[in-house]
Every structure is written in structure tokens, then in C-alpha cells.
Amino acid sequence: MKFEKNILCIGAGYVGGPTMAIIAYKCPQYKVTIVDINPTRIDAWNSDELPIYEPGLDEIIRATRGKNLFFTTDIQRSIRENDIIFVSVNTPTKTFGAGAGMAADLQYWEKTARQILQYSESSKIVIERSTLPVKTAQAMENILHNAHSSTFEVLSNPEFLAEGTAIKDLENPDRILIGSRETESGLKAREVLVEIYANWIPREKIITSNIWSSELSKITSNAFLAQRISSINAISALCEKTDADITEVARAVGMDRRIGDKYLNSSVGFGGSCFKKDILNLVYLCRQYGLNEVADYWEGVVKINQYQQERFTLNMLKAMFNTLADKKICLFGASFKANTSDTRESPALFITKKLIEEKAEVVITDPQALRNARVDLANIDGKISFIEDPYSAAAGCHAIAVITEWNMYKELDYQKIYDAMVKPAALFDGRNILDHVKCHKMGFNVYPIGKPSLTHF
Ligand code: UDX
Ligand code: ADP
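Residues numbered from 1 in each chain as written. Chains lettered and ligands numbered in written order. Predicted model: local features only at pLDDT ≥ 70, side-chain atom pairs only at ≥ 80, totals over all residues.

## Some details on the site of ligand 2
At step 1: In the vicinity of ligand 2 there are 22 residues, among which Gly11, Gly13, Tyr14, Val15 and Asn90 approach most closely.
At step 2: By residue number, the principal contributor to the shell around ligand 2 is helix α5 (residues 107–119), which donates 4 residues.
At step 3: When its residues are assigned to classes, the shell around ligand 2 shows 9 nonpolar, 10 polar and 3 charged. (Near = placed C-beta within 6 Å. Helix = DSSP H or I, 4+ residues; strand = E, 2+ residues; numbered from the N terminus. Nonpolar A, V, L, I, M, F, W, Y, C, P; charged D, E, K, R; others polar.)

## Structural notes on the packing of α5 against helix α6 (residues 136–144)
At step 1: As a packed pair, α5 and α6 sit with axes 9 Å apart at the nearest point and diverge in direction by 30 degrees. Judged by the inter-axis angle, α5 sits roughly parallel to α6. Remark: the crossing between α5 and α6 carries right-handed chirality. Contacts from Ala113, Arg114, Ile116 and Leu117 in α5 reach Met140, Ile143 and Leu144 in α6.
At step 2: The class makeup of the residues in the contact of α5 with α6 is 6 nonpolar, no polar and 1 charged. (Axes fitted to C-alpha atoms, helices over the stretch in contact; angles between N-to-C directions. Parallel < 35°, antiparallel > 145°, perpendicular 65-115°, else oblique. Left-handed = near helix turned anticlockwise from the far one by under 90°. Contact = placed C-beta atoms within 7 Å.)

## Points about the site of ligand 1
At step 1: Taken together, 19 residues are adjacent to ligand 1, and Asn265, Ser267, Phe270, Gly272 and Cys274 come closest.
At step 2: Per element, the largest residue contribution to the shell around ligand 1 is 3 residues, and it comes from helix α9 (residues 211–242).
At step 3: A breakdown of the residues in the shell around ligand 1 according to their chemical character gives 11 nonpolar, 5 polar and 3 charged.
At step 4: Two domains each put at least three residues into the shell around ligand 1: domain 1 (5–201) and domain 2 (210–457). (Domains from an automatic or database assignment.)

## A short note on unusual backbone geometry
At step 1: The residue after Lys423, namely Pro424, is reached through a cis peptide bond having omega -5 degrees.
At step 2: Examined against the element boundaries, Pro424 turns out to sit in the loop between α16 (414–419) and β13 (426–429).
At step 3: Here the phi dihedral of Glu345 falls at roughly 55 degrees; this positive angle occurs in a residue that is not glycine.
At step 4: Overall, Glu345 belongs to the buried group, with 20 C-beta atoms counted inside 10 Å.
At step 5: Positive phi values are uncommon outside glycine, yet Asn432 reaches one of about 50 degrees.
At step 6: Looking at Asn432, the number of C-beta atoms within 10 Å reads 21, which means it is buried. (Buried ≥ 20, exposed ≤ 12 C-beta atoms within 10 Å, placed from the backbone.)

## Side note on the environment of Ile34
At step 1: Assignment of secondary structure puts Ile34 in strand β2 (residues 30–35).
At step 2: By C-beta crowding, Ile34 is classed as buried, having 27 other C-beta atoms within 10 Å.
At step 3: Sequence separation between Ile34 and Ile232 is 198 residues; the distance between their C-alpha atoms is 39 Å.
At step 4: Once residues lying within four places of it in the same chain are set aside, the contact partners of Ile34 are Cys9, Ala12, Gly16, Gly17, Met20 and Phe71.

## Thoughts on the domain arrangement of the protein chain
Interface size is commonly expressed as the accessible surface area that is lost when the partners come together.
At step 1: What the domain assignment lists for the protein chain is domain 1 (5–201) and domain 2 (210–457).
At step 2: Facing the 29 residues of domain 1 at the interface are 27 residues of domain 2.
At step 3: At 4 residues, the largest contribution of residues to the side of domain 1 that touches domain 2 is made by strand β7 (residues 176–180).
At step 4: Taken together, the residues of the side of domain 1 that touches domain 2 break down into 16 nonpolar, 8 polar and 5 charged.

## Observations concerning the pairing of strand β1 (residues 5–10)
At step 1: Note that β1 and β2 share 6 bridges and pair parallel. Paired with Lys5 across the strands is Tyr30, a residue of β2.
At step 2: Remark: the β1/helix α1 (residues 16–26)/β2 crossover connection has right-handed handedness.
At step 3: Pairing of β1 with strand β4 (residues 84–87), which is carried by 4 bridges, proceeds in the parallel orientation. Considered in β4, the bridge of Ile10 is made with Val87. (Pairing = 2+ DSSP bridges. Right-handed = clockwise from strand over helix to strand, strands pointing away.)

Next comes the structure, spelled out in C-alpha cells:
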């Protein structure tokens with residue numbers, strides 16, 4: 001069958017996989033190929049057990065794989081055969097050299113640019129899909145402009161999907177943003193991408209801009225979302241001192257239409273691969289331009305997030321008579337949010353490390369993320385176990401800490417859990433998802449976030 005367009009995505013991760021699956025699903029007239037250097041990942045995408053958990057993704061993959069969606073490790077051939085190339089390789093925070101801990105590590109990204117240059121035999125549209133520092137497209141252009149015969153147009157098309165709701169977000173996004181050079185060829189390339197999205201997204205939701213605005217909008221969106229969480233978390237600390245209730249405060253504040261009620265759930269802290277990374281990226285960029293006041297302002301968002309996680313652990317220590325040595329603590333949840341297997345920057349990892357430093361024994365339970373958590377915590381010297389069934393995980397523990405807001409944790413039989421725990425049994429609700437009064441009546445000492453604790457002492 002002859003397809004209308006041949007689209008490639010380099011990088012088969014949390015972003016590339018679902019995004020391309022939706023393009024293939026919505027546009028059966030296009031052939032979509034996803035390539036990755038990691039053969040294990042590609043094997044998993046081609047198997048019944050996908051490498052990532054995302055609600056609704058299995059069905060989409062089943063409907064498209066082998067028809068117009070293909071997974072491969074053959075980079076050379078994929079680049080040669082496709083004229084529209086999305087790049088969604090990983091861009092983690094740099095761990096070495098200048099900008100370590102702050103700047104984006106662009107090594108995978110640059111290697112990809114060089115591979116595109118090396119294997120291309122015709123002109124291409126290259127689309128940045130990973131989150132990148134502003135002006136990265138310039139570097140991509142500079143590398144690609146070394147081509148002899150082919151020409152390349154670099155576009156920025158940042159991803160706004162959130163894990164756990166990726167399919168919904170991709171099917172019905174708030175907006176699609178496409179940035180390009182405002183030259184004749186840049187505008188033409190922009191239109192090619194608009195046409196792809198227009199297959200299922202109303203035109204008025206597809207917005208275009210200059211390429212730098214597009215890059216900066218992505219980082220700014222994430223910084224704003226994270227800022228809301230840090231703002232409410234900062235107030236949660238004050239609530240705990242003043243007997244105010246963060247849920248009541250968030251409701252009252254969020255009903256102001258100018259503020260809105262989204263991203264005001266106080267929590268143990270935000271995690272995930274984007275928020276911290278993007279803000280640190282923004283901070284680094286501002287410092288490079290000498291905008292130290294702006295950098296300090298945004299850095300505060302990350303500092304409050306760190307503080308919230310530390311505060312949570314210190315509250316546990318204080319509530320449990322200032323010693324955790326040899327106490328068994330069960331973490332409900334390892335993923336950074338519900339409905340994903342992703343553990344990147346999950347507060348569960350930080351809290352586990354802190355509890356181990358206090359010589360506690362940690363039992364981690366999670367319906368989807370234990371495989372990743374095991375890998376993340378493999379080098380930690382201490383007693384950590386991983387048990388999928390929450391009842392077995394909590395049995396014999398001195399405390400439970402709810403870290404992830406999985407729905408299933410709201411529906412457990414807490415009386416049964418309480419009966420099997422060491423007394424006094426503590427319940428730290430890092431997501432405020434449980435019925436605190438009910439759990440207190442059962443016998444738990446309950447410690448929510450940003451609300452008065454309910455104890456029996
Ligand atoms: C985020 C952005 O939402 C998305 O647009 C971007 O493309 C990638 O980064 P993601 O990290 O997948 O998506 O999840 P998100 O739902 O935004 O949650 C991030 C973190 O904030 C999670 O740890 C979540 O639990 C936490 N959170 C979110 C809160 O603590 N409180 C809230 O009210 C909302
Ligand atoms: P994200 O959350 O941004 O999607 P992931 O780490 O889940 O990040 O996915 C990025 C993917 O990109 C990984 O599977 C990695 O193997 C892949 N990758 C990195 N560099 C290259 C490259 N040069 N060619 C192909 N794939 C690459």
C-alpha cells in the first residue's frame with residue numbers, strides 16, 4: 001500500500017511512543033515508524049507487554065501496529081526512508097561538567113542530529129518534540145546545514161501530554177503549538193505539520209509561532225504548573241502550624257475564576273521527568289543571560305518542592321518518637337503520579353533514601369511501577385522490599401505512607417490493614433486521598449498534608 005506521508009519518530013519513550021501511536025491511529029493514510037537505539041525497548045513495543053504503562057495505549061497499539069505503525073532499531077534505513085522526522089530522545093539534566101545538575105544534557109539529542117545528517121539522502125523536516133532549552137533548534141540547524149545536497153527545516157512542536165492521561169491529552173489537546181522559522185521554507189514546513197494535526201484537531205487549536213517562542217512556551221508552561229503546586233505546598237506547611245485545612249484553602253482560592261482550581265492539590269511534592277528538569281533548565285538559561293533575579297525566582301519552585309519532601313520525612317520521624325531505626329514503613333506508591341509506571345524523580349525514591357538513612361526498613365508497593373523502582377533503588381544499601389499486594393506489604397509495618405494517588409488505595413479495607421500492623425500504627429497521607437476521620441476511628445494515628453493530625457495520644 002502506498003501511504004500519503006512517511007513519518008519517523010526517533011526515540012520510543014514516554015513521549016515518542018504514545019504520540020506516534022495516536023498519529024498512526026488518527027491518520028491511517030500515513031505510515032509511522034518509531035526507531036530507538038535500545039533493542040530491548042523496541043522488542044517490548046513489538047510484544048504484548050509494552051515498555052510503558054499508559055491507560056488506553058494497548059488498544060491503540062493493537063489497532064495500528066503492523067498496519068501503519070512500525071517499531072524498529074534500523075536508524076539508517078528509517079532516516080533514509082522518511083521525510084518528516086520527529087525527535088523525542090531523552091534530554092535529562094546534565095550530571096557532569098559545566099551546568100551539572102542544572103543544564104540539559106544534549107548528548108543524545110546531538111547524536112541524533114548527526115545521524116540525521118549522516119543518513120539523509122533527501123531533504124527533511126525535522127521536528128523537535130523533546131523538551132529542550134531555548135535556542136536548541138539553532139544548534140540542530142547548525143549541524144544540519146553541513147549537508148551537501150539535502151536541505152532541512154527544523155520545527156519546534158513541544159509535547160504537552162501528561163503521563164497517565166497521555167491518550168486523552170493527545171486525542172483532545174488544549175492546543176498544538178508549532179514553531180518555525182518565518183522564512184518561506186519555514187512557513188511551508190509549518191503547514192505540513194499543521195496538516196498532519198488537522199486530521200483530528202480543530203484548526204483553531206493549532207497555533208503557530210516563531211521557533212523560539214515555541215521552545216520557551218513549553219518550558220514556561222511546565223514552570224507555571226509546577227509553581228502552582230509549590231505555592232499550595234508552601235501554604236500546606238503553614239496550615240499545619242495554624243490548624244487551617246489546605247483542602248478548604250485550595251477550594252476557596254481555586255473558585256476564583258482568575259486563579260482556577262487545577263494543580264492545587266497539595267502533595268508530598270511533584271515528581272516526573274519534566275517539572276524539575278525544565279525549571280532547572282530555565283534557571284540555568286536565565287543565569288547565562290545574567291538574569292539572576294529571574295533565575296532565583298524560578299529556583300524557589302524547585303526548592304519548595306525539595307522542602308516539601310524533606311518536611312514529609314521529618315514529620316514521619318517526629319510522629320514516630322524521633323526514631324525510625326528498625327521500624328518497618330510501607331510506602332503506598334512508587335510512581336510519581338497515578339496511572340503511570342514511571343518513577344523518574346518520584347518522591348517515593350527520595351523518601352525511601354531518607355528512611356533508609358534513618359535505618360528504617362522500607363516496603364514498597366505499587367500496581368505498575370515496581371519494576372522501575374527496583375532498578376532505581378538497586379544500589380541503595382539498606383532493607384528495601386517490593387511487594388505488589390498492598391495488604392501483604394503493610395502487614396507487620398509500623399506505618400504506611402501514601403505517596404501516589406492510585407485510586408485503588410482509596411478503596412482498600414483499612415480495618416484489615418490496621419489489624420495486621422504493629423501498634424501504634426501511623427498513617428501518613430502524602431496525597432490527602434483517604435478518609436482520615438474513618439481511619440482515625442479504626443485506631444490509626446493519621447497525619448495528612450496541610451491539615452491537623454488525628455492522633456490517639
Ligand atoms: C507534566 C505536564 O503536565 C505536561 O503538560 C508536560 O508535557 C510534561 O510534564 P507529567 O509530569 O506527566 O506532565 O504529570 P503532571 O500530571 O503534570 O504531574 C506532575 C507532578 O505533579 C506529579 O508528581 C503529580 O502528582 C504532581 N501534582 C500535580 C501535584 O502534586 N499536585 C497537583 O495538583 C497536580
Ligand atoms: P521521554 O520521556 O522524553 O520520552 P524516554 O527516556 O522515555 O524519554 O525516551 C527516550 C528514548 O530515546 C529512549 O528509549 C532512548 O533509548 C532513545 N534514544 C536516545 N538516543 C537515541 C538515538 N540517538 N537514536 C534513537 N533513539 C535514541
